[in-house]
Amino acid sequence: MTATVIDGKAFAAKVRAEVAAHVARLKEEHGITPGLAVVLVGEDPASEVYVRNKGVQTVEVGMASFEHKLPATTSEADLLALIGRLNADPKVHGILVQLPLPSHLNSELVINTIDPAKDADGFHISNVGLLGTGQKSMVPCTPLGCLMMLRDHHGSLSGMNAVVVGRSNIVGKPMAQLLLGDSCTVTIAHSRTKDLAAVCRGADILVAAVGRPEMITGDMVKPGATVIDVGINRIERDGKVKLVGDVHYASAAAVAGAITPVPGGVGPMTIACLLANTLTACCRANGLPEPKGLTA
Ligand code: NDP
């Protein structure tokens, strides 16, 4: 079997077009422009690239982009004060603090200072609790993007066996909650899981969020399964730097029914979902109907 490739780049472009159309209607009919504020502390090169991409795509869909670049020496009090101002600013509907923060800053405190209704990343403890109890929340962008692709490919996910490899707070755990919310039977695997290959082979839906290059190989995939590769790993091969996922693509694609590539799979969906979340937050803040198909 050769797997169907789930094209995250094309799907993300479709999501951005839907967001842009909704933003245009909000402006025309209500005079409202959704706004996303991104806060970057320090000069981590990878974070700077992410923040630049987020800013460009925010403007492309017609939203207002507010970038706050602060020096690595910024005090916690100053950062919390900025978040307080963004919480109170009616032009700002979504707030994202780029992680990781410099080590002298308490990330949990910083994230939990964001107004949960403006928490575009869905990391605030209130949103974690709301998601865990099946209530309306802001949903972390990467798992939301995976869910959208799975729903698009399968329609209903009800009754499917899903295995999520990885239990981080930003990917693995919320991914498992979302799959449970769509009535999958969910297993979360991690570094202490016994016989990971056998656990993975039970999956109709296999999500890899591990951070280990190509560790999920074809022999761990059930024939016909859908494989979602969240991993982004830079490796050196044949003297060149290459981007690979947590899944060994060639061997997995020979067995799976569908698979996301790296790059061009989950990655592009993450920023698209950040924009979708900002739009959702803006609609909620203004008591307007939420965009259909862009939330969990
Ligand atoms: P973390 O390092 O926070 O979590 C990794 C998880 O993998 C942990 O739960 C760990 O288990 C588990 N793990 C590690 N080794 C093994 C193993 N040998 N067998 C089974 N499980 C294992 O990573 P993240 O969740 O933040 O990220 C995962 C990957 O996704 C990374 O490659 C990251 O770059 C990528 N990513 C991609 C995004 C995108 O936009 N596409 C966004 C965010 C992340 P334990 O808890 O037991 O230690």
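Our structure's up above, just so we're on the same page.
Residue numbers run consecutively from 1 along every chain, following the written order of its sequence. Local features in this predicted model are restricted to residues of pLDDT 70 or higher, and side-chain atom pairs are both shown and tallied only at a pLDDT of 80 or more, whereas totals for entire chains, interfaces and linings draw on every residue. The side-chain values count all of the structure's non-hydrogen atoms but skip hydrogen atoms and water molecules.

Caption draft 1: How the structure looks around the overall build of the protein. A helix here means a DSSP run of H or I that spans at least four residues, while a strand means a run of E at least two residues long, and both kinds are numbered starting from the N terminus. Across its full length, the protein carries 10 helices and 11 strands. Atoms considered for the radius of gyration are the C-alpha atoms alone. The globule rule reads 2.2 Å times the number of residues to the power 0.38. Against the 2.2 N^0.38 benchmark of 19 Å for 296 residues, the protein shows a C-alpha radius of gyration of 19 Å, consistent with a compact globule. C-alpha extents for the protein along the principal axes are approximately 50 × 45 × 35 Å. Split into buried and exposed, the 296 residues of the protein put 48% on the buried side. The Shrake-Rupley method, run with a 1.4 Å probe sphere, supplies the accessible areas, and residue values consider only the shown protein chains as cover. Counting every atom, the protein has about 13,400 Å² of accessible surface; 54% of that belongs to carbon and sulfur. Positive and negative side-chain charges of the protein, numbering 26 and 27 respectively, have mean locations separated by a distance of 2 Å. In this scheme, a residue with accessible area under 20% of its type's maximum is buried, one over 50% is exposed, and one in between is partly exposed, where area comes from a 1.4 Å probe on protein chains only. Positive charges are assigned to Lys and Arg, negative charges to Asp and Glu, while His and the chain termini are left out of the count. Positions of charges follow a simple convention, taking NZ of Lys, CZ of Arg, CG of Asp or CD of Glu.

Caption draft 2: Quick peek at the pattern of salt bridges. Whenever a carboxyl oxygen of Asp or Glu lies within 4 Å of a side-chain nitrogen of Lys or Arg, that contact is scored as a salt bridge. All chains considered together, the criterion is met by six salt bridges. Measuring nitrogen to oxygen at the nearest pair gives 2.8 Å for the salt bridge that ties Asp-182 to Arg-151. Here Asp-182, found in the loop between helix 7 (172–181) and strand 6 (185–189), pairs with Arg-151, found in helix 6 (residues 141–154); they are 31 residues apart in sequence, far enough to count as distant. A salt bridge links Glu-290 to Arg-284; the shortest N-O distance between them is 2.7 Å. For Glu-290, a relative accessible area of 23% translates into the label partly exposed.

Caption draft 3: Expanded view of the environment of Cys-283. Mapped onto the elements, Cys-283 comes out in helix 10 (residues 266–285). Through-space distance from the C-alpha of Cys-283 to that of His-93 is 9.0 Å; in sequence the pair is 190 residues apart. We call two residues in contact when some of their heavy atoms are within 4.5 Å. With near-sequence residues (within four places) excluded, Cys-283 lies in contact with His-22, Leu-26, Leu-288, Pro-289, Glu-290 and Pro-291.

Caption draft 4: Quick peek at the site of the ligand. Taken together, 23 residues sit near the ligand, with Arg-167, Ser-168, Ser-191, Arg-212 and Thr-270 positioned nearest. A 3.5 Å cut-off defines polar contacts: any pair of N or O atoms within that distance qualifies, except that in protein one atom must be a possible hydrogen donor and the other a possible acceptor, and neighbouring residues in sequence count only when both atoms are side-chain atoms. Interatomic distance of 2.7 Å between a side-chain N/O atom of Arg-167 and an oxygen atom of the ligand. Arg-212 places a polar side-chain atom, nitrogen or oxygen, 2.8 Å from a nitrogen atom of the ligand. Contact with the protein chains covers 70% of the free accessible surface of the ligand, which is 930 Å². Here the shell around the ligand gets three residues from one element, more than from any other, and that element is helix 10. For this classification, Asp, Glu, Lys and Arg are treated as charged, while Ala, Val, Leu, Ile, Met, Phe, Trp, Tyr, Cys and Pro are nonpolar and the rest, including Gly, are polar. Looking at the shell around the ligand, its residues break down into 10 nonpolar, 10 polar and three charged. Nearness here has a simple test: a residue counts as near a molecule or strand if at least one of its heavy atoms is within 4 Å of that partner.

Caption draft 5: Summary view of the sheet that holds strand 3 (residues 64–70). For two strands to be treated as a pair, DSSP must find at least two bridges joining them. Read across the open sheet, the three strands follow the order 3-2-4; overall the sheet is parallel. The two strands at the open ends of the sheet, each matched to only one other strand, are strand 3 and strand 4 (94–97). Strand-to-strand, the axes of this sheet are offset by a mean angle of 15°, without reference to chain direction. Helix axes are fitted only over the stretch in contact, all axes being lines through C-alpha atoms; the angle between N-to-C directions runs from 0 to 180 degrees. In the packing of helix 3 (residues 76–88) onto the sheet, contacts are made with strand 2 (35–41), strand 3 and strand 4, and the angle to strand 2 comes to roughly 175°.

Caption draft 6: Up close: unusual backbone geometry. The linkage connecting Leu-99 with the following residue, Pro-100, adopts the cis geometry, with an omega of 0°. Positionally, Pro-100 belongs in the loop between strand 4 and helix 4 (107–111). Here Val-262 and Pro-263 are connected by a cis peptide whose omega angle stands at 0°. With phi around 50°, Asp-238 is a residue other than glycine that occupies positive phi space. By relative accessible area, Asp-238 is classed as exposed at 77%.

Caption draft 7: Summary view of the nonpolar core. If you look at the biggest cluster of nonpolar residues, it comprises 53 residues, and the most contacted ones within it are Val-19 and Leu-179. At the level of elements, helix 1 (8–30), strand 2, helix 6, strand 5 (161–165), helix 7, strand 7 (205–208) and helix 10 are the ones that each hand at least two residues to this core. Among the elements that line this core, the one with the most residues is helix 10, at 10 residues. Domains are outlined according to an automatic or database domain assignment. Viewed by domain, this core spans two of them, domain 1 (30–121) and domain 2 (141–267), each represented by three or more residues. Nonpolar core, defined: a set of buried Ala, Val, Leu, Ile, Met, Phe, Trp, Tyr and Cys residues in which side-chain atoms within 4.5 Å join the residues together. One finds Met-220, Val-221, Ala-225 and Val-247 within the second-largest nonpolar core, a separate group that totals 20 residues.

Caption draft 8: Representation of the sheet that holds strand 5. Strand order in the open sheet formed by six strands is 1-11-8-7-5-6, and the pairing between neighbours is parallel. Edge positions in the open sheet fall to strand 1 (4–5) and strand 6, since each of these has one partner strand only. In this structure, strand 8 (residues 226–229) lies alongside strand 11 (residues 258–259), joined through two bridges in parallel fashion. Paired with Thr-226 across the strands is Ala-258, a residue of strand 11. Seen against the sheet, helix 7 touches strand 5, strand 6 and strand 7 and runs at an angle of roughly 170° to strand 5.

Take it as geometry only, folks, not as evidence of what the structure does.
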